[in-house]
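# Fold and geometry: a report
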Amino acid sequence: MAVTEHRILLKYADEPDYSVDIDCYLEKGGYETLKKALTMKPEDIRVEVKNSGLRGRGGAGFPCGVKWHDLVDRKSGKPIYLICNGDESEPGTFKDRQLIHKDPHQLIEGMMISSFANDVQLAFIYIREEMPLGARILEKAIEEAREKGLLGDNIQGSGYSCDIIVHRGAGAYICGEETGLIESLEGKRAYPRMKPPFFPAALGLYNCPTIVNNVETLCNVVHILKMGAEEYTRIGRPKNAGTRIWCVSGHVRKPGYYEVGAVTMGEMLHDLCGGPLPGRQFKAIVPGGGSMKILRADERFKGKDADGNEIEYGLEDIPLDFDGIMAAGSMSGSGGMMVMDDSVDILEALANLTAFYAHESCGQCTPCREGSLWASKITARMCSGDARPGDLDTLYSMVGNIGGRTVCPMGFSTTWPVQSYIDKFRDEIEERARENRCGMGRDERLIQK
Amino acid sequence: MSETKQDDGLISIFVNGTEVRCAPGTNMIDAAAMAGMEIPHYCYHPKLSVSGNCRMCLIELGLPGRDRATGKPLLHDDGSPIISWFPGPAIGCGTKAAPGMHIKTQSDMIKQTREGVMEFLLLNHPLDCPICDQAGECSLQEFSANYGQGYSRFVEEKNVKPKRTVLGPRVTLDDERCILCSRCIRFCSEVAKDDVLGFIDRGSYTTLTCFPGRQLENNYSLNTVDICPVGALTSTDFRFKMRVWFLKSTPRIDLESSVGCNTEVWTREGRIYRITPRRNDEVNDTWMPDSGRILYKAVESEDRLNACRIDGEERPTDEAVAEAGRILGEGSVAIVGSGGSSVEEQFLLRQLGDAIGGAPTHLVSRIGEGDGLLLSRDRNPNIRGALITGLIDELPTEKLDRLGAAIDDGSVQTILAVGEDLGVAGITEDQLKKVRIISIASHESATSRAAAVVLAGLTVFEKSGSYINQQFRLQKSLMALPGPGGAVDDRVLLATLVARRTGERAPATIEAIWEAIGSTITQLSGVSFESIPETGRLIDGTAFDNLPFIEEETLHFQPAVP
Amino acid sequence: MKLKPETVEIIEKVIPRYPEKRSAVMPLLHRIQEDQGVISNQAIEWVADRLEMAPIRVLEVVTFFPYFRQEKLGKTHVRVCQTLSCALMGAYKVGEELEKALDCKMGTTRADGKVTLEYAECLASCGTGPVVLVDENLYENLKTSELEPLVDEIRKRSEAGEESKERSGD
């Protein structure tokens, strides 16, 4: 039986007569959950979210309820802010785009409930510049909600007030990093902050306690409160509750976004995405956005089954969630899966990604600033037919000095791809480097001439 | 095993296993330095906010382990705490000392980390050492020698950025050498309060610059040159003049104002090449104004006096001194001393005044605008020295009106001017003609031209002496270079004059003068020149509490509330 | 620098919404760029003055973000996503075709000032790649053999007399 989607967040998004107007959303029962939330105690909502096991959908997978309930500093007396991170920039990821453009009120309701649960009076949506229509859709949706007394002053007569500001980015991936986002929101260059001490939950926007949550995470809050935490935990797998909107791109027949509960990699790739392109074979998967370690299509993994026995399994058996992919040696990250088939020159794919990260490096700290550009220069040179002996060793060992030595986790965005691509495809890359060919004579070139 | 605070408020942390006692919250770089161990760093500066971006100060960090469930400390059999080490390195500058903290500044991981960071820093760095002024005092050179891997694996093209930019009237910028530590930006913003520097562009192309049309021209711009760890920001005045390893540094005081910034004066073979600040956490931190750095130019100015004169004709020193001594014995004498003279000189001048039978003594006040930082309103560095030595007992005026009146009514016939130009102080050419002047000075002026006897003295750089700043802090300033052949140290001149008038030997060496000071001035009893610490010594100025000192608030100084 | 009255009105409404003035830097820069097409140094000084910041602090932000321009773009801004997913689906071929069809070298503004064509980083629509962003409109699932409609649209926009961007709800 082929697996199908389990649409909760995207339930109405692609229906032909569903629009972004508030009337459509209200018709489907929208904002009823907010009204229910306003009758609850904020602390109870936080506990409910904590019990649901909701993990952040932005990349780190940190338990949302733990962040809200245990980490936010509520003793400082300073205002608490909520920021929706809509700066979706991780290569391969495009789920937040759907939620923003197709069902903006779900996000707004999620933000309002989350704000109420955390005593927030002012929330922000930081949306990337490359989604200008999305920004307008959100601004219009906010005004619609305000008109209906669902946002702004004295919401539904409850005495609770909260406003949302839509703040447009201007083309920086590093604004997806929560402290980089906060710096940008404060009007500065998006240089991520040192943690400790600048954990946003304690010292965030204007050095006030700040919650930064992903778009999808906040949308999930509506459904958690609607169905209850217990019901929510039954979707997905233990410790990986809820649905996830997976984004699959690259060499599959049906690339796109798929909201699913517990599925395996194979079910996603074949049942939902239609398998490889005609006449091709899967070669490699980057499971969670460009920063994550690559997996070979023919890779074998060691694990334990439910009874604790050692088992071996393949790529297609990997459960598609936080823990499943982590057990396979990578991370589910932002849920942006990039599929590569046997037409792909792995070294060029690597050159493409290292160029991206070099371009997006903020430049604040030495290892990422210099190392990411160096990795990009080496891989580009190797792809141009000028590879030299020792390039791979230099590249591999050099990037080892980046990840973990930097201010923010972006250092890993160069380290993980370079080291995992070389680890998993060493023979191919070495042969490529040795023979010094330009491209593999296949269809697609993956870097600029 | 002392993890708890003892009475002194200090805590114990462990650097490479060695216990270090420090205040809680001490920065790890400073704490390690207390143990004599260096944590190499670029962007950290003890007087600026922590930036944490160079990543050179990465160290291993460990905390006493605690049982996850009970929260109780985990202990070895012998009762010592089990240290759980963080798997990855942490930055030293961002780590504040907490009880029981352990750090490692030497280990395989840290060696690797430092080699990595050094390699990255040198990646796009130009091979400028042979033409770069920073060579010899460059952190990149030092740390790559000590901690780098010793070879380069980089075969790509280096980034090109603007070189030789005139950032301001005194500072030159080479953007290729810049390692983007942001010290200069933080300094301008936090200390100089002149937000004029910033980074533009992104990633490895990030470049330091000013806004077009603006310049780095505030009176503290050269401090950015001091704190720049590499040769990106350099002093235009010093550019290409001298290699720093040939320079000798002498600790001195900036005599520009009563702040008394501590300085280093750098010389080679009897020439001064530059002045930089010297750290004193009680006075000037690590800063000094730009205007104080050019004062050394006066040493080689064309109107230096390097020969004594009698009635305009050059004469050997002892002749001139003898003539001066004789004149001082005739008629009524007034003394014009200087707030720029040292305590020793002022003491001798007082003795001379007494020896002449109590000559009225005037000083000349110099008032400028205080900048709230390191330049006070009082542009005399040592008015308080004159007060303490009893040379004067009230604050001086800018113009010598009383003296002028005394000249006009004939009650003063001789003026001994030490280190002051009477013309600037309001005495007219006519009035100068009415009296006989003995001028002790280092430079030509209207006074020395009108003087009956000119005794050629030395500039402050050529003398050792002590000065009392606005905090009533006694600070010493050492001779940096010898004076020209024909000039004589003011101390010697004054002591000889005293001897001539009293008929007894007068102290001329600093040690001898201080013996005399110690036995006559109560606030300075028991003090010797040598015993004055590098950072100075506060003395009791309460005797002068009622005087209307003109200084306003500056760094580390609050004027007394009237 | 003269801003349209609507722009000034919007700016004055935006600034007080933020708890701290400086946060309004990016919204102001967006509005000014929409209004003037570029962000001149004069505009930077205006923003700095209005938000009580040093001008260099504003310049820092302008140059950090690629979207903020100090040089005028062509009338129509065409961005071709080049990041991995789109590249895997043929983005570079699309880019080359557009270069030819629009007679504009990649990464430049055409001599007549009507079109700017450049590569951009991940535009967050990887599932429908290759994608091209023309001003504010996203064109997806592009094939080199079927670029006519896109090219026509670009030509139409770049020749249009008035600003052809749709704006609503501002």
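Given the structure is predicted, the values throughout are model-derived calculations rather than measurements.

To continue, consider the overall build of chain B. Helix and strand content of chain B: 13 helices and 24 strands. Expressed along its principal axes, the backbone C-alpha trace of chain B runs to roughly 90 × 55 × 40 Å. Considering chain B as a whole, with its 562 residues, one finds that 56% of them fall into the buried category. The contacts in chain B between residues at least 6 apart in sequence include a share of 67% that link residues at least 24 apart. For chain B, the computed accessible surface area is about 23,600 Å², with 51% contributed by carbon and sulfur atoms. Side-chain charges in chain B split into 58 positive and 77 negative, and the spacing between the mean points of these groups amounts to 4 Å.

A word on the sheet that holds strand β7 (residues 165-166) of chain B. The strands making up a sheet associate through hydrogen bonds between their backbones, and the pairing can be parallel or antiparallel. All names here are of chain B. The three strands lie next to each other as β7-β8-β11, forming an open sheet whose pairing is antiparallel. At either end of the open sheet lies a strand with only one pairing partner, and these are β7 and β11 (233-235). Here β7 pairs with strand β8 (residues 171-173) via two bridges, running antiparallel. Paired with Thr165 across the bridge in β8 is Leu173.

Our next topic: the sheet that holds strand β23 (residues 473-477) of chain B. All names here are of chain B. Reading across the sheet, the three strands line up as β22-β23-β24 and stay open at both edges, with antiparallel pairing between neighbours. Single-partner strands in this sheet number two, and they are β22 (465-468) and β24 (537-538). Where β22 and β23 come together, four bridges link them in antiparallel fashion. Within the sheet, the bridge partner assigned to Gly465 lies in β23 and is Ser477.

Glancing now at the interface of chain A and chain C. Accessible area lost on assembly of the parts is the figure often given for the size of an interface. On the side of chain C, 47 residues touch chain A, which itself brings 67 residues to the contact. Across the interface of chain A and chain C, roughly 4,500 Å² is buried in total on both sides, 57% from carbon and sulfur atoms. Inspection of the region where chain A meets chain C yields four salt bridges. When the shortest N-O distance is used, the salt bridge between Arg79(C) and Glu129(A) registers 3.0 Å. Across the contact surface, chain A and chain C share 18 residue pairs in polar contact (both at pLDDT 80 or more). Of all elements in the fold, only β2 (120-127), α7 (132-147), β3 (163-168), α8 (178-185), β7 (244-250), β13 (336-341) and α13 (346-360) of chain A reach the threshold of two or more residues within the side of chain A that touches chain C. Split into classes, the residues belonging to the side of chain A that touches chain C amount to 33 nonpolar, 15 polar and 19 charged.

Within the structure shown, the criterion is met by 90 salt bridges over all chains. Ionic pairing is found between Glu159(C) and Lys114(C), a salt bridge with its closest N-O pair at 3.6 Å. Of this pair, Glu159(C) sits in helix α7 (residues 148-159) while Lys114(C) sits in the loop between β2 (108-109) and β3 (115-120); the two residues are 45 residues apart in sequence, bridging distant segments of the chain. Classification of Lys114(C) by relative accessible area gives partly exposed; the value is 27%. Overlapping salt bridges, with partners in common, bring together Asp128(B), Lys163(B), Asp174(B), Glu176(B) and Arg177(B) in one network.

Residue and element names in this part refer to chain A. Structurally, chain A comprises domain 1 (22-234), domain 2 (242-339) and domain 3 (346-435). Carbon and sulfur atoms make up 67% of the area that domain 1 and domain 3 hide from each other, which totals about 920 Å². Linking domain 1 with domain 3 are three residue pairs in polar contact (both at pLDDT 80 or more), by the criterion used here. Residue composition of the side of domain 1 that touches domain 3, by class: eight nonpolar, two polar and three charged.

The rules we used
- Numbering of residues starts from 1 in every chain and runs along the sequence as written.
- Each chain gets a letter, beginning with A, and each ligand a number, beginning with 1, in the order they are written.
- Since the coordinates come from a predicted model, pLDDT governs what is reported: local features require at least 70, and pairs of side-chain atoms require 80 or more to be given and counted, while whole-chain, interface and lining totals use all residues.
- Note that water and hydrogens are dropped before the side-chain values are worked out from all heavy atoms of the structure.
- Only runs of H or I of at least four residues qualify as helices and only runs of E of at least two qualify as strands under DSSP, and these elements are numbered from the N terminus.
- Remark: exposure states derive from per-residue accessible area (1.4 Å probe, protein chains only) relative to the maximum for the residue type, with buried under 20%, exposed over 50%, and partly exposed in between.
- For this analysis, residues touch if any pair of their heavy atoms sits within 4.5 Å.
- All accessible areas in this document rest on Shrake-Rupley with a 1.4 Å probe, and a residue is counted as covered only by the protein chains that are shown.
- Charged residues are defined narrowly, with Lys and Arg counted positive, Asp and Glu counted negative, and His plus the chain ends left uncounted.
- Here the site of a charge means atom NZ of a Lys, CZ of an Arg, CG of an Asp or CD of a Glu.
- At least two bridges found by DSSP between two strands are what make those strands a pair.
- Defined here as a combined quantity, buried area equals the accessible surface (1.4 Å probe) lost by two parts on assembly, summed across both.
- Salt bridge criterion: a side-chain nitrogen from Lys or Arg within 4 Å of a carboxyl oxygen from Asp or Glu.
- Counted as a polar contact is a pair of N or O atoms within 3.5 Å, where, for protein atoms, one must be capable of donating a hydrogen and the other of accepting one, and residues adjacent in sequence contribute only when both atoms are in side chains.
- Residues were grouped as follows: Ala, Val, Leu, Ile, Met, Phe, Trp, Tyr, Cys and Pro as nonpolar; Asp, Glu, Lys and Arg as charged; and all remaining residues, including Gly, as polar.
- A domain assignment, automatic or from a database, supplies the domain bounds used here.

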